[in-house]
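# A structural walkthrough
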Amino acid sequence: MRKTFEFENPYYTIEVPATIVFCIVVLVWCGYQAIWGNYFAPVILAIFAIAAFYQLWNLVISHAYPRYVHLDGESITFELWGRQDRYDYATVESFLVRSNAQNGKMFIRAGQTSLTRGRYWISTKKYTDGKELFDEIDAIEMAVHPDMLKARSRRENGTYMERSDEIKAQREERKQPTKKKGARTRNAALGTKAQKKEKE
């Protein structure tokens, strides 16, 4: 069953649409000052402009601050402006998270990251059912990277999550059919060669 976690208002409005407007204003202001202004050094204007452009890129191009996060038990999907970036638990090769359990903030790098996809900033406490969302994202990382220091530490402390084991089992089940299929293909090829030799 699919569950959707929503970036709640007024946080979403302030941190996404309002921030976009603010960044555009800063870029226009920097351009105006660069051409007609006499009060700011070019270096200061460049710093302001680069910071505004970087944040604008994350919001509009990279979709790094998703409005919705969808979980269906087999995948996680980040959605903003109608674009959905889906990552299947069983096949995603990389899912790294920097998180702070106290404030619920997470920086996620999923799949093959690029300038336009794969990096997400999520403050789970500002989402509906944020604790559940935080735990699921944490479990995905533990399952995809079971040998990382964080996962080993949790296993040693007896706090390794059951949900992470479930996701890990899904990944193993997905890989098994491929191996079996490959084995059947090799066996069939060997059988064909043996039959040809017998005929000869």
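Now for a quick tour of the structure. (Residues numbered from 1 in each chain as written. Predicted model: local features only at pLDDT ≥ 70, side-chain atom pairs only at ≥ 80, totals over all residues. Heavy atoms only, no water.)

## What to know about unusual backbone geometry
Cut-off, in case you're wondering: Helix and strand definitions here come from DSSP, where helices need a minimum of 4 consecutive H or I residues and strands a minimum of 2 consecutive E residues; each element is numbered from the N-terminal end. We call a residue buried when its accessible area falls under 20% of the maximum for its residue type, exposed when it is over 50%, and partly exposed in between, using a 1.4 Å probe and counting protein chains only.
The omega torsion of the bond from Asn-9 to Pro-10 falls at 5°, within 30 degrees of zero and hence cis. Mapping Pro-10 onto the fold places it in the loop between strand E1 (3-6) and helix H1 (11-15). In this structure, His-63 is a non-glycine residue whose phi angle is positive, near 55°. Mapped onto the elements, His-63 comes out in the loop between helix H3 (42-60) and strand E2 (68-71). A relative accessible area of 11% places His-63 in the buried class. Of note, the phi angle at Trp-81 is positive, near 55°, even though the residue is not glycine. Among the structural elements, Trp-81 can be located in the loop between strand E3 (75-80) and strand E4 (83-88). Residue class for Trp-81 comes out partly exposed when judged on its relative accessible area of 45%.

As far as function goes, none of this settles anything; it's purely spatial.
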